[in-house]
Amino acid sequence: MLGRKEVFLGKAKFGIFGDGKEVAQIAMAKVFRAGDFRSGYYRDQTFMLAINELTLEQYFAQLYAHTDVNADPASAGRLMNGHFATRMLDENGELRDVSKLKNSSADISPTAAQMPRLLGLAYASKLFRNNAELKEFTNLSNGGNEIAFGTIGNASTAEGMFFEALNAAGVLQVPMLTSVWDDNYGISVSNEYQTTKGNIYAVLQGFKPTDDEKGIELFTVRGWDYDALCRTYLEAEKICRTSHVPVLIHVDEMTQPLGHSTSGSQERYKSKERLAWEAEFDCIKKMREWILSQEFATPDEMDLIEKEAKARAKAAKESAWKAFMDDIQQDQQALLSLLEDAVAVNPEVGDVRTALVRTTNPLRMDAVKAAKTAARLLRHSSAPVRKEIAEWVKRTNRENGERFSSNLYSESESSALKIAEVPASFSEKSGLVDGREVLKACFDAALKRDPRVFAIGEDVGFIGDVNQGFAGLQKKYGEMRVTDTGIRECTIIGQGIGAALRGLRPIAEIQYLDYLIYAIQTLSDDLACLQYRTRGGQKAPLIIRTRGHRLEGVWHAGSPIGMILHSLRGIYVLVPRNMTQAAGFYNTMLRSDDAALIIECLNGYRLKERLPDNIGELALPLGVPEILREGSDVTIVTYGSMCRIVMEAADDLQRIGISCEVIDAQTLLPFDIHHMIVNSVKKTGRIVFADEDVPGGASAFMMQKVLEEQNAYQYLDAKPTTITAKEHRPAYGSDGDYFSKPNPEEVFESVYALLSEADPGTFPALY
Ligand SMILES: Cc1ncc(C[n+]2csc(CCOP(=O)(O)OP(=O)(O)O)c2C)c(N)n1
Ligand SMILES: [Mg+2]
């Protein structure tokens, strides 16, 4: 109620609260132990308070969006209120002793999106329990005895990923204890519209184990019955922790006395009868009745407890608000005094200052706006105060950049950008092998080197993936290290995220790049923003392995790189042209604590490559393109499978006297961090970007990087050009491929046209 008021007073933007769901959370907190993990949603304030991983002050600090990480340890003001997270990393970005902490992974808003990660948190326990080599990592796990606790709203169980995660947990038999908080509604829509039979417990019956079949243990209990809740959680915990069996508790008859959030009123959609029932069955009211009936306290004692609790909450709210405002005030006071000095230079600054002084609860942006307005008014002045205001703007810009935009990627010593290069070394004994053999040698070395490394994916285990990169490695390292999964891309990624959060080093495979779309939501909403949304409080150094660009036909030849680049900032995107480069990137990423997507060339597994002698050590730096061919007339930037097409065209162009400089970008996020490409453009004066994405996709991304960020526009003698696939999916068959994707003739003609424009005498129009 207090929080809601803050929103209506304009002190906070939006509020969503856990009222009506308190009592079950207390029961859950009683069985949650050090080393356990939570993956839940925005109703869990009582639980977080009960396990002592949230204070009332922190709760309000997040409501106000206090950017001090000490005030809001979950997110430093980045997440909406009710989005909980514990700090699993220390100030250097290293994982703390999580086996001794009560851990909550960082909440996100999309309904049910906590489920894939929950599966992974539980799966890690299975690995810690079953892989003897992991026993030494006592900071990560206590022999795999940890439970992953999930919470989810009733309506959110209608999402596909809820069922996908549950099914996977049943298959994998992992210690995942999911609680469904059922208040009969999802905002305004009741269970009749959400769930078959209007009841998730009824729907899930088929998951129940039988005498000879494993499954998911199911419980149902009423959300206002404290005694029954405690008994249920004790029993559920015991089964889950000791037998490693997934368990689901359907907590029914919950209420939502404040309505869904601050942006709507429940009277619009709940009947009078329902509202009366909710008032009657409010779990706190019921718990009080139970305490009194058991004579654990007298009514007077209960009144006193309630009064004290309210007073405590109010005091916490006030101190959190004061801390929030004080923090902001420091900058504002400095600015106000500068503005005062500036009035003598331009009296109009006085109005700006007065407006700022009169702003109720001024935020950082109010001061910045005032300073910028003043800077404009003072633009002709040579008074020192003008410079001082400019300095104030620059300093606060920098600090606000840090406050609101830091930690998208790892900033620790293990950042992928800091991993030193180890070039591939070759000798006479380095044989020529199929590309897949290069990868296999790399994965073999990785699995041997580090017991925390494991690989999962469709067909990855027994046959060693559809292209045999892991062939024979399950046999060598066991089923726990190289593992088949069901066809469930979204939770393959979630399984990786959860395990990576717990300090393991998963390689999660998506069989074909086209099917990454199933996991894009989880990658984008969960993994890509993990470090950002916790301001460096959590990390999940997951490697996503996939293959794409070009093979045959729709859904096996996709290269939707623009989609990836635009949805996955926070994950490095590496696009090696062959398997040796890919191996270099795997090794780099396995040493780093960043997440990365590595896209292998689907048509490269059977091409011959020399196997480096140091396959286990070689490491490629990120953001460093490679010049595949030097030239003087035109720069062609490309990556992945297109490297070979472009090189073929460059050979043809050379034959008629056009010299191409071909550059393999190698990584798209990050892209050419040392601005190597602009140097090439200085030399050639012409640039072409070639890839297999749609027009305006990743080629446009590269163009922006080079022309705008690297300022290459000023060296151009011809219009910048892109060569891309068509807008549609690639058609089937060799002709389908030829006419859908860029081919050597197209590259030849695009480059020829640029030269023809400059020198039609030497290069007359072809047609
Ligand atoms: C993918 C997605 N769709 C829609 C929303 C908007 N939304 C937020 S909460 C909510 C209802 C969730 O209901 P339920 O799961 O029963 O949880 P409750 O809020 O009732 O505890 C909706 C539709 C969202 N956050 N994410
Ligand atoms: Mg609900």
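Each remark here, short or long, concerns the structure printed above.
Read on for an overview of the structure. (Residues numbered from 1 in each chain as written. Chains lettered and ligands numbered in written order. Predicted model: local features only at pLDDT ≥ 70, side-chain atom pairs only at ≥ 80, totals over all residues. Heavy atoms only, no water.)

Remarks on the overall build of the protein chain
Phase 1: A count of helices and strands for the protein chain gives 27 helices and 22 strands.
Phase 2: Expected size for 767 residues packed as a compact globule is a radius of gyration near 27 Å; at 30 Å, the protein chain falls within 12% of this value.
Phase 3: Overall size of the protein chain, expressed as C-alpha extent along the three principal axes, is 100 × 85 × 50 Å.
Phase 4: In the protein chain, buried positions account for 59% of the 767 residues. (Helix = DSSP H or I, 4+ residues; strand = E, 2+ residues; numbered from the N terminus. Rg over C-alpha atoms; globule rule 2.2 N^0.38 Å. Buried < 20%, exposed > 50% of the residue type's maximum accessible area, 1.4 Å probe, protein only.)

Thoughts on the sheet that holds strand S18 (residues 634-638)
Phase 1: In spatial order, the strands read S17-S19-S18-S21-S22; together these five strands make up an open sheet with mixed pairing. Both outer strands of the open sheet, strand S17 (626-629) and strand S22 (721-723), are each paired with one neighbouring strand and no more. With strand direction ignored, the average angle separating the axes of adjacent strands in the sheet is 25 degrees.
Phase 2: Of the strands in this sheet, S18, strand S19 (660-664), strand S21 (687-690) and S22 touch helix H27 (residues 744-758), which is tilted by about 145 degrees from S18. (Pairing = 2+ DSSP bridges. Axes fitted to C-alpha atoms, helices over the stretch in contact; angles between N-to-C directions. Contact = heavy atoms within 4.5 Å.)

Notes on the coordination of the magnesium ion (ligand 2)
Phase 1: Of the protein atoms, only Asn 154 (OD1), Asp 183 (OD) and Tyr 185 (O) coordinate the magnesium ion (ligand 2), at distances of 2.0 to 2.1 Å.
Phase 2: Sequence spacing of the donors to the magnesium ion (ligand 2): N-x28-D-x1-Y. With a gap of 29 residues between them, Asn 154 in the loop between strand S3 (148-153) and helix H6 (160-172) and Asp 183 in the loop between strand S4 (176-181) and strand S5 (185-186) connect regions that are remote in the sequence. Side by side, Asn 154 and Asp 183 carry an identical accessibility label, which is buried. (Donors = N, O, S within 2.8 Å, 3.2 Å for Na, K, Ca; no water.)

Thoughts on the sheet that holds strand S2 (residues 103-104)
Phase 1: If you trace the six strands from one edge of the open sheet to the other, you get S2-S1-S3-S4-S8-S7, paired in parallel fashion. Both outer strands of the open sheet, S2 and strand S7 (217-222), are each paired with one neighbouring strand and no more.
Phase 2: Here strand S1 (residues 37-39) pairs with S3 via three bridges, running parallel. The partner of Arg 38 across the bridge, within S3, is Phe 149.
Phase 3: Sitting on the sheet, H6 touches S3, S4 and strand S8 (247-252), and the angle it makes with S4 is about 150 degrees.

Thoughts on the site of ligand 1
Phase 1: Taken together, 18 residues sit near ligand 1, with Tyr 41, Tyr 42, Arg 43, Asn 154 and Ser 156 positioned nearest.
Phase 2: Here an oxygen atom of ligand 1 sits 2.5 Å away from a polar atom, N or O, in the side chain of Ser 156.
Phase 3: Between ligand 1 and His 260, the relevant distance is 3.5 Å, taken from an oxygen atom to a side-chain nitrogen or oxygen of the residue.
Phase 4: Across the complex, the protein chains shield 71% of the 580 Å² of accessible surface that ligand 1 would expose by itself.
Phase 5: Split by residue class, the shell around ligand 1 holds six nonpolar, eight polar and four charged. (Near = heavy atom within 4 Å. Polar contact = N/O pair within 3.5 Å; in protein donor to acceptor, adjacent residues only side chain to side chain. Areas by Shrake-Rupley, 256 points an atom, 1.4 Å probe, with all protein chains shown as cover. Nonpolar A, V, L, I, M, F, W, Y, C, P; charged D, E, K, R; others polar.)

Brief notes about the packing of aromatic side chains
Phase 1: By the definition in use, this model includes 22 aromatic pairs.
Phase 2: Every member of this aromatic cluster is reached through a ring pair, and the members are Phe 32, Phe 47 and Phe 149.
Phase 3: The aromatic ring of Phe 281 is capped on one face by Lys 286, whose charged end is 4.5 Å from the ring centroid. (Phe/Tyr/Trp six-rings, centres within 6.5 Å; stacked < 30°, edge-to-face > 60°. Lys NZ or Arg CZ within 6 Å of the ring centre and 35° of its normal.)

What to know about the side chain of Arg 545
Phase 1: The topology assignment puts Arg 545 in strand S13 (residues 543-548).
Phase 2: A residue is classified by how much of its surface remains accessible, and Arg 545, at 1% relative accessible area, is buried.
Phase 3: Within polar-contact distance, the side chain of Arg 545 engages the side chain of Tyr 586 at 3.5 Å.
Phase 4: Polar side-chain contacts of Arg 545 include one of 2.7 Å to the side chain of Glu 600.

Focus: the side chain of Gln 114
Phase 1: Note on placement: Gln 114 falls in helix H5 (residues 114-130).
Phase 2: The exposure class of Gln 114 is buried, given its relative accessible area of 2%.
Phase 3: Here Gln 114 is in contact with Ser 39, Gly 40, Tyr 41, Thr 151 and Ile 152, once residues within four sequence places are set aside.

Structural notes on the pattern of salt bridges
Phase 1: Per the stated rule, a full pass over the model turns up 50 salt bridges.
Phase 2: A salt bridge links Arg 117 to Asp 526; the nearest nitrogen and oxygen atoms lie 2.8 Å apart. Here the residue Arg 117 occupies a position in helix H5, and Asp 526 occupies one in helix H19 (residues 517-527), the gap between them amounting to 409 residues. For the pair formed by Arg 117 and Asp 526, the shared burial category is buried. (Salt bridge = Lys/Arg side-chain N within 4 Å of Asp/Glu carboxyl O.)

Examining the packing of helix H12 (residues 299-342) against helix H15 (residues 384-405)
Phase 1: Orientation of H12 relative to H15, taken along the N-to-C sense of each, is 160 degrees, at an axis distance of 10 Å. Our classification of the angle between H12 and H15 gives roughly antiparallel. Viewed along their axes, H12 and H15 form a crossing whose handedness is left-handed. Between H12, through Asp 331, Ala 334, Leu 335, Leu 338, Leu 339, Asp 341 and Ala 342, and H15, the contact on the second element is made entirely by Val 385, Glu 388, Ile 389, Trp 392, Arg 395, Thr 396, Glu 399 and Arg 403.
Phase 2: Partitioning the contact of H12 with H15 into residue classes produces eight nonpolar, one polar and six charged. (Parallel < 35°, antiparallel > 145°, perpendicular 65-115°, else oblique. Left-handed = near helix turned anticlockwise from the far one by under 90°.)

Concerning the packing of helix H4 (residues 56-64) against H12
Phase 1: Viewed as axis vectors pointing N to C, H4 and H12 meet at an angle of 50 degrees, and their least axial separation amounts to 8 Å. Considering the angle they form, H4 stands oblique to H12. At the point where H4 passes H12, the crossing takes the right-handed sense. On H12, the residues that touch Leu 56, Glu 57, Phe 60, Ala 61 and Tyr 64 of H4 are Arg 312, Ala 313, Ala 316, Lys 317, Ser 319, Ala 320, Trp 321 and Phe 324.
Phase 2: Across the contact of H4 with H12, the residue classes tally to nine nonpolar, one polar and three charged.

Points about helix H24 (residues 676-684)
Phase 1: Taken as a whole, H24 has its buried residues at Ile 677, Val 678, Ser 680, Val 681 and Thr 684. Down the axis of H24, the smallest arc covering the buried residues is 155 degrees, so these residues share one side.
Phase 2: For H24, the secondary structure elements touched by its buried residues are S18, S19, S21 and helix H25 (698-709).
Phase 3: Gly 685, located one to two residues past H24, shows a positive phi value of around 75 degrees. (Arc of directions from axis to C-beta.)

Description of the pairing of S13
Phase 1: Across the six residues of S13, six count as buried, placing the element largely inside the fold.
Phase 2: Here S13 shows no split at all, with Ile 543, Arg 545 and Arg 547 on one side and Ile 544, Thr 546 and Gly 548 on the other all buried.
Phase 3: The pairing of strand S12 (residues 505-509) with S13 spans three bridges and is parallel. Within the sheet, the bridge partner assigned to Ile 507 lies in S13 and is Ile 543.
Phase 4: The pairing of S13 with strand S15 (residues 596-601) spans six bridges and is parallel. When the bridges of S15 are listed, Arg 545 appears paired with Ile 598.

The values are spatial; any link to function lies outside them.
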